[in-house]
Amino acid sequence: MDGSMFIGTWWALIPPLLAIILAFITKEVYSSLFIGVAVGALLYSGFHPWDSFVNFFEIMKNSMNLNILIFDVLLGMIIVLMAKSGGSAAYGKWAGTKIRTKRSALLATMGLGVLIFVDDYFNCLTVGSVMRPVTDKHNVSRAKLAYLIDATAAPVCIIAPISSWAAAVTGFVKGQDGFVVFIKSIPYNYYALLTIVMMISIVLLKVDFGSMAKHEANAAKGDLFTTGQKTYKEEEQVEEKRGKVCDLVVPVITLIICCIIGMIYTGGFFSGTDFVTAFSNSDASVGLALGSIFALVITLVFYVVRRILPFNECMDCLPEG
């Protein structure tokens, strides 16, 4: 059977529909996507087993952006280092002394989410671990905290020019300057812009409805989980006797600066190209990968020199990340 007979027909809808349906039924996203890709490979090869096997890996190779994978893995390492150093806990304690009301705690959560715009996973993991003690103190339900973090992270990242989202979108655009296309599309990204406006409105107007109103009502009585008890074991708090706010701030700022330098480097800035041109011509995925590598090295050196973490403990954090 010739696989070309399925190209451009309604058969092309089967792999994505199958993946979506299986995801709903099994609640397993990765396995469902895997099956969807496998079925797509079968259709592409005309149901020839060996050709399908070869095409499967060819499709995976061509569709996977290894630079983004490297970037996200290195982000995980930096996050673990910041947690082990006590920087996240120190920032949370410092914020707790400055934040006096529930509204300001929610606004601070959103504000930190806006500042950490490089990657939405990095955003969620960092903001969640840092602000959780602060919002707990002001009886913010875990559902409200999770909602604010998630609804701030992705919208901010998908309109930030220096982010893993920008790198991914830039890589998908063929035949023209992907970065310029991304910049021009920002005013039309209504989901991101309206979600950010909605988040601010909900916090300022103190509006909650549906299940969220129930969670918040219970949180006001001290039940942050709406279950009467904690639904999961709290993570063991990291010993942070010597951890300071700078142990969180320095790695984050370093990461952002290194990623910017990495992007303009790929655009030829250090070969004489002006900043704007270099930025628009940059290979964002490569720049983010390079920047995260240097940020990780600088973070390691920073912690070792400050004697926050010994070298062997820093190395133990890398596989965990």
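Here is a short report on the structure shown in this document.

How each quantity is defined
Residues numbered from 1 in each chain as written. Predicted model: local features only at pLDDT ≥ 70, side-chain atom pairs only at ≥ 80, totals over all residues. Heavy atoms only, no water. Axes fitted to C-alpha atoms, helices over the stretch in contact; angles between N-to-C directions. Helix = DSSP H or I, 4+ residues; strand = E, 2+ residues; numbered from the N terminus. Parallel < 35°, antiparallel > 145°, perpendicular 65-115°, else oblique. Left-handed = near helix turned anticlockwise from the far one by under 90°. Contact = heavy atoms within 4.5 Å. Nonpolar A, V, L, I, M, F, W, Y, C, P; charged D, E, K, R; others polar. Core = buried A, V, L, I, M, F, W, Y, C linked by side-chain atoms within 4.5 Å. Buried < 20%, exposed > 50% of the residue type's maximum accessible area, 1.4 Å probe, protein only. Phe/Tyr/Trp six-rings, centres within 6.5 Å; stacked < 30°, edge-to-face > 60°. Expected span 1.5 Å × (residues − 1).

### Looking at the packing of helix α7 (residues 120-137) against helix α8 (residues 142-157)
Alright, step 1. At a minimum axis distance of 9 Å, the contact between α7 and α8 shows a crossing angle of 150 degrees. The orientation of α7 relative to α8 falls into the category roughly antiparallel. The handedness of the crossing between α7 and α8 comes out as right-handed. Across the interface between the two elements, Asp120, Asn123, Cys124, Val127, Gly128, Arg132, Thr135 and Asp136 from α7 touch Arg142, Leu145, Ile149, Asp150, Ala153, Ala154 and Cys157 from α8.
Alright, step 2. Taken together, the residues of the contact of α7 with α8 break down into seven nonpolar, three polar and five charged.

### Things to note about the packing of helix α15 (residues 284-305) against helix α16 (residues 311-320)
Alright, step 1. Look at α15 against α16: their axes get within 9 Å of each other, and the N-to-C directions meet at 145 degrees. Regarding α15 and α16, the two cross each other, and that crossing is right-handed. Touching Leu296, Leu300, Tyr303 and Val304 of α15 are Phe311, Cys314, Met315 and Leu318, all from α16.
Alright, step 2. The residue inventory of the contact of α15 with α16, partitioned by class, reads eight nonpolar, no polar and no charged.

### Some details on the nonpolar core
Alright, step 1. One finds Leu81, Met82, Phe122, Met131 and Leu296 to be the most contacted residues of the largest nonpolar core, which totals 46 residues.
Alright, step 2. By residue number, the principal contributor to this core is helix α4 (residues 66-85), which donates nine residues.
Alright, step 3. For methionine 131, the residues in contact, after removing those within four places along its chain, are Tyr91, Ile99, Ala105, Ala108, Thr109 and Leu112.

### A word on the packing of aromatic side chains
Alright, step 1. Within the structure shown, the criterion is met by four aromatic pairs.
Alright, step 2. Pairing tyrosine 265 with phenylalanine 270 gives two aromatic rings, centres 6.3 Å apart and planes at 45 degrees, and the pair type is tilted. The burial state of tyrosine 265 is the same as that of phenylalanine 270; both residues are exposed.
Alright, step 3. Plain terms: the ring middles of phenylalanine 269 and phenylalanine 270 are 5.2 Å apart, the flat faces sit at 85 degrees to each other, and that makes the pair edge-to-face.
Alright, step 4. Judged by its relative accessible area of 53%, phenylalanine 270 is exposed.
Alright, step 5. Members of the aromatic cluster, connected to one another through ring pairs, are Tyr265, Phe269 and Phe270.

### Some points on helix α13 (residues 246-266)
Alright, step 1. The end-to-end C-alpha distance of α13, which contains 21 residues, comes to 30 Å, matching closely the 30 Å that a straight helix rising 1.5 Å per residue would cover.
Alright, step 2. The set of residues buried in α13 consists of Asp247, Leu248, Pro251, Val252, Thr254, Leu255, Ile256, Cys258, Cys259, Gly262, Met263 and Ile264.
Alright, step 3. At the exit of α13 stands glycine 268, carrying a positive phi of roughly 90 degrees.

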